Amino acid sequence: MANFQDSYLSGANIDFIEGLYARYLQDPTSVDQSWREIFERNNGAGRPIFNKTLLELPAPAPAAPGKNGKAAAAAAAAPAPVPPQDMLLQARVDQTITAFRLRGHLRATLDPLGRPRPPLEHVADLPMVREGHFSTEERGKIVESGAVFTEPRVKLEELLTRLRRSYSGSIGVEFMHMLDSERRRWLMRHMEHSENRTPFSVEDQRHILTKLSYAEGFENFLHTKYVGVKRFSLDGGESLIPMLDAILEVGGGMQLKEVVIGMAHRGRLNVLTNILHKSPDEIFSEFEGPADPKAYMGRGDVKYHMGFSSDHTTRGGARIHLSLAFNPSHLEAVDPVVEGRVRAKQDRSGDTERTRVMPLLIHGDAAFMGQGVVAETLNLSRLKGYETGGTLHVVINNQVGFTTDPHDSRSSIYATAMAQMLDVPVFHVNGDDAEACVHVARLAAEFRQIFKSDVVIDLICYRRYGHNEGDDPSFTQPNMYELIRKQPTVRQLYAKALAERGRISAEESEAIKQACLKEFDEALTRIKQARQFKEPSALQGLWTPYQGGSTKNAPEVPTAVDKGLLREALRKLADVPAGFNIHPVVERTVLKKRHAMLESQELLWSEGESLAYATLLSQGYTVRLSGQDCERGTFSHRHCVLHDVKTAERFVPLEQFRTGRATFQVYNSPLSEMGVMGFEYGYSLDVPDGLTIWEAQFGDFANGAQIIIDQFIAAGESKWRRLSGLTLLLPHGYEGQGPEHSSARLERFLSLCAEDNMQVCYPTTPAQIFHLLRRQVVRPYRKPLVIMSPKSLLRRPEAVSKLDELATGRFQEIIPDRKEVAPAGVTRLLLCSGKVYYDLVKARDEQQAWNISIVRVEQLYPFPFDALAGLVSNMPKLTELFWVQEEPRNAGGWYFMFPRLHDMASSRASGPVKVGYIGRAEAASPATGFTKTHDYEQHLIVEEAILRGTKNGR
């Protein structure tokens with residue numbers, strides 16, 4: 001028995017044994033006698049049958065001494081011993097069942113081009129799924145089915161046939177790595193009992209054929225009418241269309257109400273017309289272009305990047321809203337954006353089960369493995385702040401990336417290997433087997449809805465043309481494209497198969513094809529007479545009350561809050577529930593200081609920020625803050641989540657202010673920039689009536705999300721008419737912390753500024769951040785907001801605000817100098833942003849250089865030209881205007897400010913003014929790594945700005 005156990009009773013067979021045991025509990029006679037003995041022996045001993053790490057079957061209990069009547073009767077009723085040869089055969093059968101479940105996908109026929117798979121002889125149990133593992137005599141024997149059949153015992157030949165069909169046909173499945181045995185057994189039942197096929201009715205098959213006909217017809221029509229024009233066709237992967245249709249069909253029957261789709265350019269136009277129902281008239285009009293090209297100078301995007309939304313009605317009558325997210329050419333960048341949009345929709349609608357709104361991501365094979373944002377997005381799937389109830393992933397696997405073969409683009413067997421970081425199944429399916437593709441799509445959709453889990457489909461197909469329609473792929477893949485030239489389309493293959501099976505005649509198939517082509521031809525005729533070129537829809541639904549466009553049209557709104565309400569809010573922020581054991585340092589540095597502020601009415605940065613959140617929540621606005629260590633804050637300043645030092649219980653003071661449907665959400669994010677910033681951008685698209693914030697641990701870490709900044713935040717409105725109110729908090733300031741922790745790369749954001757596309761601000765007081773954050777939500781004007789947030793200013797004694805400044809006033813785009821500096825006597829004007837202001841003021845006051853005025857520019861973009869020009873016009877003796885910054889000359893605000901200051905100074909009525917720069921010299925690195933060097937450089941800046949100005953002024 002020891003050899004018998006060692007051969008196959010291991011953790012790898014846990015699902016097989018669990019299935020047998022479940023049957024035994026229902027009916028002991030339904031399992032083989034040998035297994036019945038094991039289960040009875042363990043049950044009698046009152047011990048568990050096995051554990052999931054290593055199967056442990058105890059030895060039989062020794063017989064009691066002596067024989068009484070009962071013992072003799074038990075001995076007489078004992079089953080006859082199982083012949084050893086049958087036990088050994090069953091052991092090999094069980095090993096084979098497990099081998100098919102584990103490795104059957106490696107023997108599956110997945111490549112539509114019929115090329116042999118690479119040798120995998122190093123996989124130890126792969127030979128078990130080959131032919132010839134059992135003799136002819138053995139194949140005729142009756143064996144335990146291992147739950148592959150509903151019947152407990154079947155002929156071995158039948159068992160092997162079912163295993164081959166289930167795991168090594170046109171479908172291969174990776175699922176045995178999953179830790180959750182319930183999910184594994186669910187998949188086994190659904191795949192093995194059906195031989196991994198759906199028994200489609202003739203009507204179902206006609207529907208699949210029709211979908212394929214529309215998919216193929218659309219591409220063929222464009223290929224002949226718009227020769228050589230880029231469209232990134234779906235030719236070779238047309239099975240995607242009936243697959244997506246099947247996903248919606250299943251989802252519609254399982255509570256699904258909305259799907260947000262993210263995909264790159266491959267097949268996008270086909271999905272738009274055949275899944276989202278964008279009319280061919282509109283798509284053909286986009287090929288023709290706008291009637292007046294001048295109207296779109298500098299804006300808009302190519303047709304295969306555009307988004308769209310519509311309502312889809314399934315064959316079962318369910319109505320599902322579909323949204324295809326706008327997408328740049330940067331592959332996979334849209335993935336976290338889609339996840340953020342879905343999470344926002346779920347939060348807004350109260351979809352706590354996360355079954356009504358689903359993300360659907362369509363990837364390319366090379367991009368899925370090659371783009372790091374894929375791993376970042378997958379990692380979000382089970383995190384509390386970012387989970388969406390599972391994403392359905394479809395990889396359009398063309399088996400080539402532009403001109404790069406798989407062996408040059410990945411180190412893994414499959415393009416989907418990245419997905420194994422999650423506990424999810426991966427289905428590989430031959431794209432030329434239409435029914436297998438639809439079966440897998442249905443199974444994946446059902447799995448997602450039941451288990452709230454990601455699921456991946458690897459649609460292995462090919463690309464009939466090059467990367468785009470003007471490319472010749474035979475330059476680099478001559479053998480592959482020789483096969484493709486001879487390959488019938490999936491529609492042709494399916495139509496032929498249906499005719500041979502007597503399901504749908506060749507004549508009917510041809511009629512379906514011609515009907516599709518007729519529709520496209522009629523659409524082209526219509527748009528030749530009158531184009532239907534349309535702008536992307538925007539400012540509808542939730543966005544109706546909001547506006548973008550020029551900042552000149554942005555309404556001014558009050559952001560001040562009643563002082564009594566502010567005092568009460570500050571008191572709540574200073575208290576914890578009775579019995580809550582707060583950390584003594586937090587109590588001293590946060591809570592007690594807040595109590596003291598109630599008396600002094602002088603606030604630090606943290607209180608200005610927190611009061612902004614508290615008052616917004618009180619007015620019914622949702623506040624969401626996400627980023628690296630943002631609950632406490634990188635600099636231990638925020639502490640918006642408090643922890644009981646004895647029980648680890650959490651207390652979030654800001655949750656006390658929630659009003660109506662407003663929520664306060666704060667989440668420490670994974671150590672990811674692009675994925676999380678993209679998620680928050682997506683979230684902001686569906687919560688225009690809330691404040692959505694992403695915070696960097698240090699400001700320069702935002703460069704890990706540069707694609708999101710460039711393609712979505714800066715250009716989204718211009719390209720796609722998509723507004724966003726996303727706010728970025730980027731800690732910035734030169735304090736001797738070295739090259740990587742000084743600069744948030746202010747210059748990069750300013751270089752992206754144009755057409756009032758976003759706001760870039762550098763506030764220096766608690767009152768300023770209070771009013772700025774409130775303005776971002778309260779006024780019905782939505783633009784991304786980039787804030788250079790402070791580090792040392794968080795606690796600098798001079799950087800305080802009176803409570804009255806929050807109860808009155810508003811955000812000041814520029815802050816003039818103090819009243820004692822008379823404009824009439826100013827000869828030198830220093831403009832600056834950020835903490836350098838405090839260094840300059842201290843030196844100026846010490847020197848009593850009242851001829852020098854220091855003005856803070858708190859909003860760099862949109863540039864406050866009128867406010868600054870009015871200030872300068874009141875300084876008749878002004879001869880010098882300097883921009884002062886801590887950053888190197890080639891960084892910071894200088895290159896942005898100079899042409900604007902020059903224009904302003906040149907147009908001064910009382911005569912031109914010299915415009916100059918004071919700051920660090922040009923440098924390849926943002927900052928020095930030595931504190932003493934930093935201090936010396938800082939001294940030189942202040943000396944040049946103040947001391948030389950003093951000499952010139954006297």
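Conventions we followed
- Residues numbered from 1 in each chain as written.
- Predicted model: local features only at pLDDT ≥ 70, side-chain atom pairs only at ≥ 80, totals over all residues.
- Heavy atoms only, no water.
- pLDDT = per-residue confidence, 0-100.
- Contact = heavy atoms within 4.5 Å.
- Pairing = 2+ DSSP bridges.
- Helix = DSSP H or I, 4+ residues; strand = E, 2+ residues; numbered from the N terminus.
- Buried < 20%, exposed > 50% of the residue type's maximum accessible area, 1.4 Å probe, protein only.
- Salt bridge = Lys/Arg side-chain N within 4 Å of Asp/Glu carboxyl O.

Participant: How would you explain the confidence of the model for the protein chain if you had to name every residue and give the values?
Facilitator: Taken over all residues, the pLDDT of the protein chain has a mean of 90, while the share at 70 or more is 92%. Considering only residues more than four positions removed or in separate chains, one finds that residues 71–80, a stretch of pLDDT under 50, has four contacts.

Participant: Give a detailed account of the pairing of strand E5 (residues 308–313), specifying residues and quantitative values.
Facilitator: The pairing of E5 with strand E6 (residues 319–324) spans six bridges and is classified as antiparallel. Bridge pairing links Ser310 to Leu322 in E6. Linking E5 back to E6 in an antiparallel pair, the connection comprises five residues, with Gly317 at a positive phi of about 95°.

Participant: Hey, could you go over unusual backbone geometry for me, with residue numbers and the actual values?
Facilitator: Following Tyr861, the chain continues into Pro862 via a peptide bond in cis, with omega recorded as -10°. Among the structural elements, Pro862 can be located in the loop between strand E24 (859–861) and helix H31 (865–873). Positioned with a positive phi, Glu195 is a non-glycine residue whose angle comes to about 55°. In this fold, Glu195 is placed in the loop between helix H8 (181–192) and helix H9 (202–225). Look at Gln601: it is not a glycine, yet its phi comes out positive at around 60°. With respect to the helices, strands and loops of the structure, Gln601 is situated in the loop between helix H22 (584–600) and strand E11 (602–603). Its relative accessible area of 21% is what places Gln601 among the partly exposed residues.

Participant: How would you explain the pattern of salt bridges if you had to name every residue and give the values?
Facilitator: According to the stated counting rule, one finds 53 salt bridges in the structure shown. Between Glu219 and Arg231 there is a salt bridge, and its shortest N-O distance comes to 2.8 Å. With Glu219 in helix H9 and Arg231 in the loop between H9 and helix H10 (240–252), the pair connects residues that are 12 residues apart, well separated along the chain. Accessibility expressed as a relative area gives 2% for Glu219, which makes it buried. Where salt bridges share partners, they join Arg796, Glu798, Lys835, Asp839 and Glu886 into one cluster.

Participant: Would you mind going over the environment of Ile713 in detail, with residue names and values included?
Facilitator: Mapped onto the elements of the fold, Ile713 is located in helix H25 (residues 706–714). Sequence separation of Ile713 and Lys518 is 195 residues, and the distance between their C-alpha atoms is 42 Å. Once you skip the residues sitting within four places of it in the chain, Ile713 turns out to touch Met677, Tyr681, Ile708, Leu726, Leu728, Met758 and Pro784.

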